[in-house]
Amino acid sequence: MSAENKAQVRRLLEEGFSQGHTEVVDEVLNPNFVCYDPNSESGEIRGSETIKGEIEYFRNAVPDLTYTVEEQIAEGDKVVTRYMVSGTHQGEFFGVAPTGERITMSGITIDRFDEDGKMVEEWPEYDLLGVMGQLGAVPAPG
């Protein structure tokens, strides 16, 4: 299942987030999916409809959003994915008005899959602070 699970993560990032194909969410996620996102107000994002909304939100803010999978490691029911995100800030993003700036962001996710090969849990870490710096929303370090 390791290769299949890695392919599912790649589909969500590349087809879902990069290409805006929200229908892939239903094919990849377990209906009870939960993402323990450190940047979410509640600390978690639940359900496929919410994830579809996240895809739409990010693609409205960054229409040319591109996820590039750089490395994946799978063991048992978990997949770790290291990726880069890039795109042009053209819509409101976490309260920041469009700047036209090109952004890049690194991230890592740990995803857990159920016995049917559906993603059931995710623990992401990504450099949102770095993006905010690129957009001028926070002062540059130093």
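Summary of the structure given here. (Residues numbered from 1 in each chain as written. Predicted model: local features only at pLDDT ≥ 70, side-chain atom pairs only at ≥ 80, totals over all residues. Heavy atoms only, no water.)

1. Focus on the overall build of the protein
Phase 1 of the analysis: Each helix and strand in the protein was counted, giving four helices and six strands.
Phase 2 of the analysis: When the helices and strands of the protein are placed in sequence order, the string is α-α-β-β-α-β-β-β-β-α.
Phase 3 of the analysis: For 142 residues, the compact-globule estimate of 2.2 N^0.38 gives 14 Å, and the C-alpha radius of gyration of the protein, at 15 Å, lies within 12% of that figure.
Phase 4 of the analysis: The dimensions of the protein, computed from C-alpha atoms along their principal axes, are 45 × 30 × 25 Å.
Phase 5 of the analysis: A burial count over the protein gives 43% of its 142 residues as buried.
Phase 6 of the analysis: Looking at the protein alone, contacts between residues at least 24 apart form 56% of all its contacts between residues at least 6 apart.
Phase 7 of the analysis: Carbon together with sulfur atoms contributes 50% to the accessible area of the protein, which is approximately 7,400 Å² in total. (Helix = DSSP H or I, 4+ residues; strand = E, 2+ residues; numbered from the N terminus. Rg over C-alpha atoms; globule rule 2.2 N^0.38 Å. Buried < 20%, exposed > 50% of the residue type's maximum accessible area, 1.4 Å probe, protein only. Contact = heavy atoms within 4.5 Å. Areas by Shrake-Rupley, 256 points an atom, 1.4 Å probe, with all protein chains shown as cover.)

2. Section: helix α1 (residues 2-18)
Phase 1 of the analysis: For α1, which comprises 17 residues, the first-to-last C-alpha distance of 23 Å matches the rise-based estimate of 24 Å (1.5 Å per residue) to within 8%.
Phase 2 of the analysis: Considering bend angle alone, the principal kink of α1 is centred on arginine 11 and spans about 25°.
Phase 3 of the analysis: For α1, the full list of buried residues reads Asn5, Gln8, Val9, Leu12, Leu13, Gly16, Phe17 and Ser18.
Phase 4 of the analysis: Glycine 20 sits one or two residues past α1 and shows a positive phi near 80°. (Expected span 1.5 Å × (residues − 1). Bend = angle between axes of the 7 residues up to and from the residue.)

3. Here's the deal with the nonpolar core
Phase 1 of the analysis: Core analysis: the largest hydrophobic core is formed by 33 residues, its most contacted members being Phe17, Leu29, Ile51, Phe93 and Met119.
Phase 2 of the analysis: Filtering out sequence-adjacent residues up to four positions away, phenylalanine 93 remains in contact with Tyr57, Phe58, Ala61, Leu128, Val131, Met132 and Leu135. (Core = buried A, V, L, I, M, F, W, Y, C linked by side-chain atoms within 4.5 Å.)

4. Details of the sheet that holds strand β2 (residues 45-46)
Phase 1 of the analysis: One open sheet accounts for six strands, arranged β2-β1-β6-β5-β4-β3; its pairing is mixed. Edge positions in the open sheet fall to β2 and β3 (66-75), since each of these has one partner strand only.
Phase 2 of the analysis: Across nine bridges, the pairing between β3 and strand β4 (residues 78-88) is antiparallel. The partner of threonine 66 across the bridge, within β4, is serine 86.
Phase 3 of the analysis: Its contacts with the sheet place α1 against β1 (29-35), β3, β4, β5 (102-113) and β6 (119-126), and it is angled at close to 165° to β3. (Pairing = 2+ DSSP bridges. Axes fitted to C-alpha atoms, helices over the stretch in contact; angles between N-to-C directions.)

5. Points about a nonpolar patch on the surface
Phase 1 of the analysis: A surface patch of nonpolar side chains, about 380 Å² in accessible area, is lined by Ile73, Val80, Ile108, Ile110 and Trp123.
Phase 2 of the analysis: When you line up the elements, isoleucine 108 lands in strand β5. (Patch = residues over 30% accessible without salt bridge, like charges linked within 9 Å, V, L, I, M, F, W, Y side chains within 5 Å. Salt bridge = Lys/Arg side-chain N within 4 Å of Asp/Glu carboxyl O.)

6. Section: the environment of proline 141
Phase 1 of the analysis: You can see proline 141 is positioned in the segment after α4 (128-134).
Phase 2 of the analysis: Sequence separation of proline 141 and glycine 130 is eleven residues, and the distance between their C-alpha atoms is 9.8 Å.

7. Overview of the pattern of salt bridges
Pairing is possible between side chains that carry opposite charge, provided their charged atoms lie close to one another.
Phase 1 of the analysis: Taken as a whole and judged by the stated rule, the model has eleven salt bridges.
Phase 2 of the analysis: Note that glutamate 15 is salt-bridged to arginine 11, the shortest N-O span being 3.2 Å. Of this pair, glutamate 15 and arginine 11 are both found in helix α1, four residues apart, which corresponds to roughly one turn of the helix.
Phase 3 of the analysis: Residue arginine 11 is classed as partly exposed on the basis of its relative accessible area, which comes to 24%.
Phase 4 of the analysis: Put simply, glutamate 49 and lysine 52 hold a salt bridge, and the shortest N to O gap is 3.1 Å. With a gap of three residues between them, glutamate 49 and lysine 52 both fall in helix α3 (residues 48-61), about one helical turn apart.
Phase 5 of the analysis: Residue classification places glutamate 49 among the exposed residues on the basis of a relative accessible area of 55%.
Phase 6 of the analysis: Put simply, Arg11, Glu15 and Glu27 are held in one network by salt bridges that share partners.

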